[in-house]
Amino acid sequence: MGNIYCKFLTNCLSFHQKNVRFCTTLQLGEIVSVYQENPKELADKICELRRQIKDNLLSNIVPKGCQNCIYRSSEKTYNDKIQRIDLYYWYHCNCGCFYCSYRDETKGEFSDKIIYGNSKIYQIIKELYKLNQIDLNNLYVNVGGGDIGVLKEFPKLVDLFLKHNLNFSTCESSGIRYLKPVEKLLKKGKGAITVAVCTGNRDIYKKIKRRDKYLQVMKNLKRYVLAAKKYKGNIHNADNVVSKYIILKGFNDNIEEVEKWLLESKKYGLTCVEISMEFCWGIHTKKGQKIENYNYEIFDYVEKRTKELGLLLKKNTTSIELMQQGTY
Ligand code: SF4
Ligand code: SF4
């Protein structure tokens, strides 16, 4: 038996702006559709392709889009049901971070207007539930894209997943709007939210995010923590509300700024923080460049200080991989 299996190939469905595919990594894999079909046709197509992949794997045939992929393994990871759904299918945001990886598409524009990302997605997922394609005991949903606060269909999607016994979901948000669907997920112990605050200082926030919303974001984070604490099943549920610090050259790449962020996080009741290098912006500007020393120094400092302050620390996994490599 060769390296024919992959947990994403058979267990995952990943909705992007321009297409839907099975793969959630940058390897891309097989493209299922570019959304030309109606929701029912597309859901049927997904079923059919999943069936074909299963038959092919049983005959040792790897899909074309996966043939050169390094992530394939010989360990049998086939599942009859979808266990992971990624929703990364819109760019629209209410924040204007200068480092945003979607700037080519948005041209840096942002607004508070709430609009549909792609109204078909809700219908497609509903059809997939009808077709019994989604695991009712073990579904993880990861939400990325622009901001969920200005995504019109977000509340409906959350209700749909909750109705079908979602296991857990993670999402990222600018934190500018307080979101009841996120509160609902936190109260049920079924969700986590990460907000990249990147500073403990209103003026620096304004420079990085191009919005004067620092205080509003911190107050929203505090409300999310209080909501998370209402869940009785897991005493660490407050750790599912995370303030993230992306180290940005010339803006917050120093210990003084990091210290302010940690103290502010503590003040607003957060119990968990995440530290990350900046690599989205770097996709355009840095090719094989040596990783600057301040990244290593800040990671070490945050590790030490979070222990002293009693905060749980997450280290961004892509950052760790890049830092071990030494270049980006
Ligand atoms: S391209 Fe690789 S990671 Fe993606 S689904 Fe195929 S085998 Fe899996
Ligand atoms: S919050 Fe996220 S999507 Fe919005 S501008 Fe910032 S990085 Fe981009």
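Conventions adopted
- Residues numbered from 1 in each chain as written.
- Chains lettered and ligands numbered in written order.
- Predicted model: local features only at pLDDT ≥ 70, side-chain atom pairs only at ≥ 80, totals over all residues.
- Helix = DSSP H or I, 4+ residues; strand = E, 2+ residues; numbered from the N terminus.
- Buried ≥ 20, exposed ≤ 12 C-beta atoms within 10 Å, placed from the backbone.
- Contact = placed C-beta atoms within 7 Å.
- Near = placed C-beta within 6 Å.
- Nonpolar A, V, L, I, M, F, W, Y, C, P; charged D, E, K, R; others polar.
- Domains from an automatic or database assignment.
- Axes fitted to C-alpha atoms, helices over the stretch in contact; angles between N-to-C directions.
- Left-handed = near helix turned anticlockwise from the far one by under 90°.
- Pairing = 2+ DSSP bridges.

Student: Would you mind showing me how to read the overall build of the protein here?
Tutor: Scanning the protein for helices and strands turns up twelve helices and ten strands. The principal-axis extent of the C-alpha atoms belonging to the protein is close to 60 × 40 × 40 Å. Relative to its full complement of 328 residues, the protein shows a buried share of 38%. For the protein, the proportion of contacts with a sequence separation of at least 24, taken over those separated by at least 6, is 75%.

Student: Is there a simple way to explain the site of ligand 1 in this structure?
Tutor: Not every one of the 13 residues close to ligand 1 is listed here, only the nearest: Cys6, Cys23, Gly29, Cys66 and Cys69. Split by residue class, the shell around ligand 1 holds eight nonpolar, four polar and one charged.

Student: How should I be thinking about the domain arrangement of the protein in this particular structure?
Tutor: Put simply, an interface is often sized by how much accessible area is lost when its parts join up. In terms of domain boundaries, the protein breaks down into domain 1 (1-174) and domain 2 (188-328). Between the C-alpha centres of domain 1 and domain 2 the distance comes to 26 Å. Of the residues lining the interface, 15 residues belong to domain 1; the matching set on domain 2 comes to 15 residues. When its residues are assigned to classes, the side of domain 1 that touches domain 2 shows eight nonpolar, six polar and one charged.

Student: Before we go on, may I ask you to explain the site of ligand 2 in this structure?
Tutor: In the region of ligand 2, the neighbouring residues are Cys93, Cys95, Gly96, Cys97, Cys100, Tyr102, Gly146, Asp147 and Ser174. Considered class by class, the residues forming the shell around ligand 2 number five nonpolar, three polar and one charged.

Student: Got a minute to help me understand the environment of Asn79 in this structure?
Tutor: Among the secondary structure elements, Asn79 is positioned in the loop between α2 (39-58) and β4 (84-88). Take Asn79: there are 16 C-beta atoms within 10 Å of it, and that puts it in the partly exposed class. The spacing of Asn79 and Cys198 is 119 residues in sequence and 39 Å in space, taken between C-alpha atoms. Once you skip the residues sitting within four places of it in the chain, Asn79 turns out to touch Thr10 and Asn11.

Student: Got a minute to help me understand the environment of Val182 in this structure?
Tutor: Here Val182 shows up in helix α6 (residues 180-187). You can call Val182 buried: it has 29 C-beta atoms within 10 Å. Sequence spacing of Val182 and Leu58 is 124 residues, and the spatial spacing of their C-alpha atoms is 40 Å. Leaving out residues up to four positions away in the same chain, Val182 has contacts with Cys171, Gly191, Ile193 and Tyr224.

Student: Would you mind showing me how to read the packing of α6 against helix α8 (residues 214-229) here?
Tutor: Put simply, α6 and α8 touch, their axes get as near as 7 Å, and they point 35° apart. Along this stretch, α6 crosses α8, giving a crossing that reads as right-handed. Where α6 abuts α8, its residues Val182, Glu183, Leu186 and Lys187 lie against Tyr224, Ala227 and Ala228. Residues of the contact of α6 with α8, tallied by class, amount to five nonpolar, no polar and two charged.

Student: Just checking my understanding: could you explain the sheet that holds strand β1 (residues 12-16) for this structure?
Tutor: The strands that make up a sheet are held in pairs by hydrogen bonds between backbone atoms, and each pair lies either parallel or antiparallel. Strand order in the open sheet formed by ten strands is β3-β2-β1-β4-β5-β6-β7-β8-β9-β10, and the pairing between neighbours is mixed. Edge strands, defined here as strands with exactly one partner in the open sheet, are β3 (31-33) and β10 (312-315). Packed onto the sheet, helix α11 (residues 293-309) meets β8 (241-247), β9 (272-277) and β10 and runs at close to 170° relative to β9.

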